[in-house]
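Residues per chain, in single letters:
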Amino acid sequence: MFPRSSTFPHKHGQTRPNIVFTQRLLPHAFSQQQRIDSHLNLTNTNFRSQPLNIFPLIPTYQWKPAPDISLTSPNGSRTKNRKRKSDGHSQEDLKRQRFSSPHPYEQPGKTSRFSPARHGEQGPTRVSVSGACSPARSPMHSAGTSKSVGCVPSLREDSCQNANSSLPPSQIKDKLSQQILELFHACEQQTEDLERKESCRAQLQRDIQRLFPCARVFLAGSSLNGFGSRSSDADLCLVVQDGPVNQRTDAVYILSLVQKLLYKLSYIERPQLIRAKVPILKFRDRISGVEFDLNVNNVVGIRNTFLLRTYAYIEKRVRPIILVIKKWASHHRINDASRGTLSSYTLVLMVLHYLQTLPEPVIPCLQKDYPECFSPVMDIQLVPDGPKNIPPFVSKNQSSLGDLLLGFLKYYATVFRWDKNVISVREAKAVPKPNCWEWKDKFICVEEPFDGSNTARAVHEKMKFDAIKAQFTESWQVLQVRKDLNYILPIREARPKR
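What comes next is a walk through the structure. Keep in mind it's a predicted model, so treat the numbers as computed, not measured.

On a plain count of helices and strands, the chain comes out with 14 helices and 9 strands. Here the chain holds 498 residues, and the buried ones make up 55% of them. Here the contacts in the chain between residues at least 6 apart in sequence split such that 68% fall between residues at least 24 apart. By element, 51% of the accessible surface of the chain is carried by carbon and sulfur atoms, the whole surface being about 22800 Å².

Encoded structure:
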């Protein structure tokens, strides 16, 4: 959509007449008044009547009704989804992320025409959390809202009340298991934490729509996937078109425009553009203190958020074990992709892979058992609804949390062949390393479940790789003797500061 041509100048010093630029991007179906409105919007977006060389018109996102999917469970039974009635404006058509409108998973109106922002229109002032969450405005608290029948709590529900409230005694029988569960409950993200992130997301979307009227901002990552802690940052995805965006050029240019906007917003501080394989704009919300990372059209992050969310709630031991392992890795400084070690996403995939490959698996392979729920081509607005009817997984493996933590450390310390294999959650096994440039010379290979890339590509120095392996080995050896979490992760330090 954004070709490298005279209509898309990547150099900030390049200028062209704004009316000509705007008209070259306008579909012929738009009226003359809409053309005028869009030009006025273009010249007004920097709030000082100085035109910006931007592309203000993004094709409206075409919402498609949810298909009538028949889900096949691993035992062969099929469950038929009921079609929902829709008049194009129903609040019940799609699950929302959280609380306030405009919402990124909300169904657009029936019209497919874009209505540009009028000259002089300003976004609303920052909405407080309490206002955003009021029952009168919140689709999450609408009367008569039905709960999902599967294992994954609806985004309307309080996830803190849906998981790990009643683990069987056999799974927390020992001191180590009890320490893991207690630390998890102390550190897991609370409802109010998510509300603060959602409040900022909703206001930010309104402000960004002054630049790109049809753009939408999605909350993703650990804030929604079930593995977030009270101190977790928030990942945001700015979707400007239905299709990929060139991350080296177009995404950087879009983020640079958004960065200029953020400098003018009173509730945002320290916007910083990070040029990486997937460039991000880092900033802080002054009101909540939450740090945000914003990317452009990296929609695979939205898809894997809801895949991981399903794994998080399909078995009650998954969330505690993963959160504690993330805390352990952070304590030992091997959980920072910017410093050449493991990203949190890679760590989560490593734990899921281990739980899938035990002789008696703790979790299933969702992409094999329910491929229609996690299709890589599913309309992005339907992704949250995809796994809503997946039932809980009943595992024959009743290992305690402590035994699973020990097993995880042992697996990567002594069993897994780093030089030969790729970790694949999509296949639920270790697959042979391909003989291609992306994989063959990499120290750690972890397959992204949707796009097939290596999520551990940041580990590109042998010294860092050796440090990661050594930490797995040392922690396993200490823990199997001591059986006390404090010896590998001081619990008092790991708890959130009050």
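Turning our attention to the sheet that holds strand β7 (residues 291-296). Pairing in this open sheet of 5 strands is mixed, and the strands run β3-β4-β7-β6-β5 from one edge to the other. The open sheet is flanked by β3 (216-220) and β5 (268-274), the only strands paired with a single partner. Sheet twist, expressed as the average angle between the axes of neighbouring strands with direction ignored, equals 25°. Judged from the 5 bridges that link them, β5 and strand β6 (residues 280-285) form a sheet pairing that is antiparallel. By the bridge assignment, E269 is partnered in β6 with R284.

Applying the stated rule across the entire model yields 14 aromatic pairs. Pairing W328 with F472 gives two aromatic rings, centres 5.2 Å apart and planes at 65°, and the pair type is edge-to-face. Of the two residues, W328 sits in helix α9 (residues 318-331) while F472 sits in helix α13 (residues 462-482), which places them 144 residues apart along the sequence. For W328, a relative accessible area of 2% gives the class buried. Here F472 falls in the buried class, since its relative accessible area comes to 0%. With 5.4 Å between their ring centres and 20° between their planes, F443 and F465 make a pair best called stacked. In this pair, F443 is assigned in the loop between β9 (429-432) and α13 and F465 in helix α13, connecting sequence segments 22 residues apart. Of the aromatic side chains, those joined through ring pairs into one cluster are W328, Y354, F408, Y411, Y412, F416, W418, F443, F465 and F472.

What counts and what doesn't
Residues numbered from 1 in each chain as written. Predicted model: local features only at pLDDT ≥ 70, side-chain atom pairs only at ≥ 80, totals over all residues. Heavy atoms only, no water. Helix = DSSP H or I, 4+ residues; strand = E, 2+ residues; numbered from the N terminus. Buried < 20%, exposed > 50% of the residue type's maximum accessible area, 1.4 Å probe, protein only. Contact = heavy atoms within 4.5 Å. Areas by Shrake-Rupley, 256 points an atom, 1.4 Å probe, with all protein chains shown as cover. Pairing = 2+ DSSP bridges. Axes fitted to C-alpha atoms, helices over the stretch in contact; angles between N-to-C directions. Phe/Tyr/Trp six-rings, centres within 6.5 Å; stacked < 30°, edge-to-face > 60°.

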